[in-house]
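Each chain, letter by letter, is given below.
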Amino acid sequence: MSRFWAVAFPRFYRLIRFFERPIRVLTRRYGLGDTVEVTIVGPRTGRARSVLLGLLRVRGDWYVGHPNGACGWTRALDAAGEATVAAASL
């Protein structure tokens, strides 16, 4: 990773965390494209955690995933087998 990105990524993620709460409120109230809030109960901790995701709908089926393959929330979803989806309108 270049020096620029080594400095930029932590700052970008800090900025995203700063705007996370207002984005969640807007998403719940009005919707934000295909973005939904998915709550997954962790397999080891048993704690419910939420993540904003793009929901794909194909012939009535719902799909979520990560473009780079398995990550923390996808593994937790696989282990839990279910999640709660909150959206302004589905």
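Right above here is the structure, for reference.
A brief structural summary.

Rules of the game
- Within each chain, residue numbers correspond to sequence positions counted from 1 in written order.
- Totals for whole chains, interfaces and linings use every residue, but because this is a predicted model, local features are given only for residues with pLDDT of at least 70 and side-chain atom pairs only at 80 or more, for both listing and counting.
- As a convention, hydrogens and water are excluded, and side-chain values are obtained from all of the structure's heavy atoms.
- Any residue under 20% of the maximum accessible area for its type is buried, any over 50% is exposed, and the rest in between are partly exposed; the area is computed with a 1.4 Å probe on protein chains only.
- For helices the rule is a DSSP run of H or I covering at least 4 residues; for strands it is a run of E covering at least 2, with both sets numbered from the N terminus onward.
- Directions pointing from the helix axis toward each C-beta atom define the arc.
- Two residues form a contact once any of their heavy atoms are found within 4.5 Å.
- In the sections that follow, a salt bridge refers to a side-chain nitrogen of Lys or Arg positioned within 4 Å of a carboxyl oxygen of Asp or Glu.

Let's shift gears to helix α2 (residues 72-80). Every buried residue belonging to α2 is among Trp73, Thr74, Ala76 and Leu77, and all of these are buried. Burial along α2 is one-sided: seen end-on, the buried residues are contained in an arc of 160°. For α2, the exposed residues set more than 90 degrees away from the buried face come down to Asp78 and Ala79. The inward-facing, buried residues of α2 contact β1 (35-41) and β2 (48-54). Immediately beyond the C-terminal end of α2, within one or two residues, lies glycine 81, with a positive phi of roughly 80°.

This part is about the pattern of salt bridges. Taken as a whole and judged by the stated rule, the model has three salt bridges. Across the salt bridge formed by glutamate 20 and arginine 24, the nearest N and O atoms sit 2.7 Å from each other. Linking glutamate 20 with arginine 24, this pair stays in helix α1 (residues 3-30), spanning four residues, or about one helical turn. In this structure, the salt-bridge partner of arginine 24 is glutamate 37, at a minimum N-O distance of 2.7 Å. In this pair, arginine 24 is assigned in helix α1 and glutamate 37 in strand β1, connecting sequence segments 13 residues apart. A single salt-bridge network, built from bridges that share partners, covers Arg17, Glu20, Arg24 and Glu37.

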